[in-house]
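Breakdown of the fold
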Amino acid sequence: MTNRLQGKRVAVIGAGSVGPGWGNGKAAAALFAREGAQVLCVDRNPDAARETAQIITDEGGTAFAFAGDMTDPDSARAMAQAAQDHMGGLDVLHFNIGISTPGGIETTAFTDWQKVFAVNLDAAFHCTQAALPLLADGGGAIVYISSLAGESNGPYRYVGYEASKAALQRLSKSVAIEYAARGVRANCILPGMIDTPHAASFIGPDVDAQELARARAAKVPMKRQGTAWDVAEAALFLASDAAGFITGVDLRVDGGMGTQFGSPA
Ligand SMILES: NC(=O)c1ccc[n+]([C@@H]2O[C@H](COP(=O)([O-])OP(=O)(O)OC[C@H]3O[C@@H](n4cnc5c(N)ncnc54)[C@H](O)[C@@H]3O)[C@@H](O)[C@H]2O)c1
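Read on for a plain summary of the structure. (Residues numbered from 1 in each chain as written. Predicted model: local features only at pLDDT ≥ 70, side-chain atom pairs only at ≥ 80, totals over all residues. Heavy atoms only, no water.)

For the rest of this paragraph, the subject is the packing of aromatic side chains. One pass over the full model with this rule turns up 5 aromatic pairs. Ring plane angle 45° and centroid distance 4.6 Å describe the contact between tyrosine 158 and tyrosine 161, whose orientation is recorded as tilted. Here tyrosine 158 falls in the buried class, since its relative accessible area comes to 10%. Tyrosine 161 gets classed as buried once you look at its relative accessible area, which sits at 9%. Ring-pair connections join several aromatic residues into one group, and the members of that group are Tyr156, Tyr158 and Tyr161. The ring centre of tryptophan 22 lies 5.6 Å from the NZ or CZ of lysine 26, which sits over that ring. Above the plane of the ring of tyrosine 179 lies arginine 182, whose end atom (NZ or CZ) is 4.1 Å from the centre. (Phe/Tyr/Trp six-rings, centres within 6.5 Å; stacked < 30°, edge-to-face > 60°. Buried < 20%, exposed > 50% of the residue type's maximum accessible area, 1.4 Å probe, protein only. Lys NZ or Arg CZ within 6 Å of the ring centre and 35° of its normal.)

Structural data, given as structure tokens:
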């Protein structure tokens, strides 16, 4: 523990995990707390929010669970109020939630497109709008979890996911510039192939887990998948004062996949 977030108050949106093990949001919440932050664990699944908060308190950290669906602007405002009530304010908003439905432009139903945009983009808008008055009080940081799919086509066809993540990256830059002079930084992380319960869930139940892991690792120049901790460490840096002059960037956490010309499809 190096106390890189000592004294910071953080809201992690999507702090639970869709399956057993460490998802990106759960790992980020735990790492932020290990580095000294108080953490509001926000999740639409109350059990998932409570589980992560409990892990943190069991480790000796400080955490609060908040249940709410962040696609609802009232819930996003209630989330910011909970940060105020429990922690006395907010220094970091970590926006982690993101969903996908498979399909290209011809095969994606409009209802699926809307569902994906509601979580990946609308919820980011609501959470950002609700959090900014608290963050702008004393400077602060926003970290958005996007995806390599926001900037390039990978092995899966999910057009709504790709378009919504690209828009999230653009939202991050707009916030970065609008709030730069007020000391609020906004940055995006673009994970590549990350071995999480979420990744297994969106690819489908019929796929053999070990075969899936091997196939995903093979697509990465570093020949391994990332872990939720790789993503959390990058988020920790962007959230911390060590990144105090960094705003509006997209940081790939992908073992080189996005850099490799013609990433394998
Ligand atoms: N795993 C990968 O390979 C990979 C790659 C690129 C990007 N990502 C991104 O990482 C993020 C997800 O990471 P994770 O491992 O924490 O995923 P996860 O699916 O386990 O999600 C974490 C939590 O978010 C909650 N959630 C979902 N919608 C919500 C809503 N509307 N309101 C409140 N809570 C909600 C879920 O209940 C879940 O507990 C996504 O943004 C995803 O696009 C993952």
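Attention now moves to the sheet that holds strand E6 (residues 184-191). Sheet architecture is open: 7 strands sit in the order E3-E2-E1-E4-E5-E6-E7, paired in parallel fashion. On the outer flanks of this sheet lie strand E3 (62-67) and strand E7 (250-253), each paired with one strand and no other. Strand-to-strand twist of the sheet, defined as the mean angle between neighbouring strand axes without regard to direction, takes the value 20°. In this structure, strand E2 (residues 38-43) lies alongside E3, joined through 6 bridges in parallel fashion. Bridge pairing links valine 39 to alanine 63 in E3. (Pairing = 2+ DSSP bridges. Helix = DSSP H or I, 4+ residues; strand = E, 2+ residues; numbered from the N terminus. Axes fitted to C-alpha atoms, helices over the stretch in contact; angles between N-to-C directions.)

All right, on to the state of the cysteines then. Per the counting criterion, the structure on display carries 0 disulfides. You can see cysteine 41 has no disulfide; the closest cysteine sulfur is in cysteine 127, sitting 14 Å from it. A relative accessible area of 0% means that cysteine 41 is categorised as buried. Of all cysteine sulfurs, the one in cysteine 127 lies closest to cysteine 188, which takes part in no disulfide; the gap is 14 Å. (Disulfide = S-S within 2.5 Å.)

Right, let's get into unusual backbone geometry. Although it is not a glycine, asparagine 3 sits at a positive phi angle of roughly 55°. Structurally, asparagine 3 is set in the segment before strand E1 (9-13). For lysine 223, which is not glycine, the phi torsion reads 60° and is therefore positive. Following the sequence through the fold, lysine 223 ends up in the loop between helix H7 (209-218) and helix H8 (228-239).

Our next topic: the nonpolar core. Ile13, Met70, Met79 and Tyr144 are the most contacted members of the largest nonpolar core, which has 38 residues in total. Only E1, E2, helix H3 (73-87), strand E4 (92-95), helix H4 (110-135), strand E5 (140-145), helix H5 (159-179) and E6 provide two or more residues apiece to this core. Per-element tally for this core: the top contributor is H4, with 11 residues. Those residues within four positions of isoleucine 13 in sequence are excluded, and the remaining contacts are Val42, Met70, Met79, Leu93, His94, Phe95, Asn96, Ile97 and Cys127. (Core = buried A, V, L, I, M, F, W, Y, C linked by side-chain atoms within 4.5 Å. Contact = heavy atoms within 4.5 Å.)

A few words on helix H2 (residues 46-58). The end-to-end C-alpha separation of H2 is 18 Å, in line with the 18 Å expected for 13 residues at 1.5 Å each. All buried positions along H2 are accounted for by Ala48, Ala49, Thr52, Ala53 and Ile56. The arc that holds every buried residue of H2, seen down its axis, measures 130°, which confines them to one face. More than 90 degrees from the buried face of H2, the exposed residues found are Asp47 and Asp58. On its buried side, H2 packs onto helix H1 (24-34), E2 and E3. Backbone nitrogen of aspartate 47 and a side-chain oxygen of the N-cap are separated by 3.0 Å at the start of H2; the cap is asparagine 45. (Expected span 1.5 Å × (residues − 1). Arc of directions from axis to C-beta. Polar contact = N/O pair within 3.5 Å; in protein donor to acceptor, adjacent residues only side chain to side chain.)

Right, let's talk about the packing of H1 against H8 for a bit. Here H1 crosses H8 at 50°, and the two axes come no closer than 8 Å. Accordingly, the angle class assigned to the pair H1 and H8 is oblique. The handedness of the crossing between H1 and H8 comes out as right-handed. Of the residues in H8, those in contact with Asn24, Ala27, Ala28, Ala30, Leu31, Phe32 and Arg34 of H1 are Ala228, Trp229, Val231, Ala232, Glu233, Ala235 and Leu236. Looking at the contact of H1 with H8 residue by residue, the class counts come to 11 nonpolar, 1 polar and 2 charged. (Parallel < 35°, antiparallel > 145°, perpendicular 65-115°, else oblique. Left-handed = near helix turned anticlockwise from the far one by under 90°. Nonpolar A, V, L, I, M, F, W, Y, C, P; charged D, E, K, R; others polar.)

Now for the site of the ligand. Around the ligand, the structure places 28 residues, and the nearest of them are Asn24, Asp43, Asn96, Tyr161 and His198. Here an oxygen atom of the ligand sits 2.7 Å away from a polar atom, N or O, in the side chain of histidine 198. Contact distances for the ligand include 3.0 Å between an oxygen atom and a side-chain N or O atom of arginine 216. Starting from 860 Å² of accessible surface for the ligand in isolation, the protein chains cover 96%. When contributions to the shell around the ligand are tallied by element, the ones reaching two or more residues are H1, H5 and helix H6 (197-203). Residue composition of the shell around the ligand, grouped by class: 8 nonpolar, 15 polar and 5 charged. (Near = heavy atom within 4 Å. Areas by Shrake-Rupley, 256 points an atom, 1.4 Å probe, with all protein chains shown as cover.)

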